[in-house]
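Descriptive analysis of the structure
The residues making up each chain are set out below.
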Amino acid sequence: MATKLVDLVYWRKMRKTGVVFTGLVISLASLFQLTAITVLSHICLGVMSVTFILRLYYKLLELLRWNSGVHPFQSYLDHDSSLTDKETVVVVEEVVLLIAFAWTEIKRLIFIESMIDSIKFVVLLYLLSYVGVQTSGLTLVITAVIVIFSVPLLYKKQQMRIRRMVRALKAFVKRIKNMCFGLCEAVRPSPAAPPAAAPTPLPPPAPKQKAKSK
């Protein structure tokens, strides 16, 4: 499943990816004027109008003995899309782990386990509230779909140029960081030198003993 999604995103099968991308964008854009149930019903009706006509055409050929009676969509009918017990357990475990991880992170951010992370979360929520006033969630979904299908293709076409730009951006950021660190070091007051230790007094010379007379 993941391999098929990667193939779609990276346009490895141009015709299939084009059909999926166009269908997604048109379906999502239709939701601006129609409800989701109406859009889904029209999509199913459009697909069934094509499949029904093809099925009647092949049935007519079979009656005229111009065809051996092969079903036009037999390959799709024979394709096994069911999950085995092991695959079902793996999928359920991944979903449960993802939900538990998301709940743990949200709880950690809301109840201020880390001040820095919670401040970042507050800034993100504020930005999302501003974006929500300006645009709708459907617009963001359409934008995300276009970005997901466009960025890999753009990177594939302009790979060398993008790498040069990324290297230049990293070098610029590194220079800025070094400049900021240098300014901080220059502005930071130097620590006071410890007072010089007083010189230890020399011990008094020992008194000379007088030689005893014989």
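Summary of the structure given here. (Residues numbered from 1 in each chain as written. Predicted model: local features only at pLDDT ≥ 70, side-chain atom pairs only at ≥ 80, totals over all residues. Heavy atoms only, no water.)

Quick notes on unusual backbone geometry
Counted only if it meets this: Segments assigned H or I by DSSP are reported as helices when at least four residues long, segments assigned E as strands when at least two residues long, and all are numbered from the N terminus. Exposure is judged per residue with a 1.4 Å probe applied to protein chains only, and the accessible area is read against the type maximum: over 50% gives exposed, under 20% gives buried, and values in between give partly exposed.
Phi is positive for W11, which is not a glycine, with a value near 55°. Turning to its location among the elements, W11 is positioned in the loop between helix 1 (2-9) and helix 2 (14-30). Using a relative accessible area of 14% as the deciding quantity, one classes W11 as buried. Not every positive phi belongs to a glycine, and I112 is a case in point at roughly 55°. Mapped onto the elements of the fold, I112 is located in the loop between helix 5 (85-110) and helix 6 (115-134).

Things to note about the packing of aromatic side chains
Keep this limit in mind: By convention, a stacked pair of Phe, Tyr or Trp rings (six-membered ring in the case of Trp) has centres within 6.5 Å and planes under 30 degrees apart, an edge-to-face pair has planes over 60 apart, and any other such pair is tilted.
Within the structure shown, the criterion is met by four aromatic pairs. Between W11 and F149, the aromatic rings sit 6.5 Å apart at their centres with planes inclined by 85°, giving edge-to-face as the arrangement. With W11 in the loop between helix 1 and helix 2 and F149 in helix 7 (residues 137-157), this residue pair connects regions lying 138 residues apart in the sequence. Here W11 and F149 have matching classes, each one buried. Taken together, the ring pairs connect W11, F21 and F149 into an aromatic cluster.

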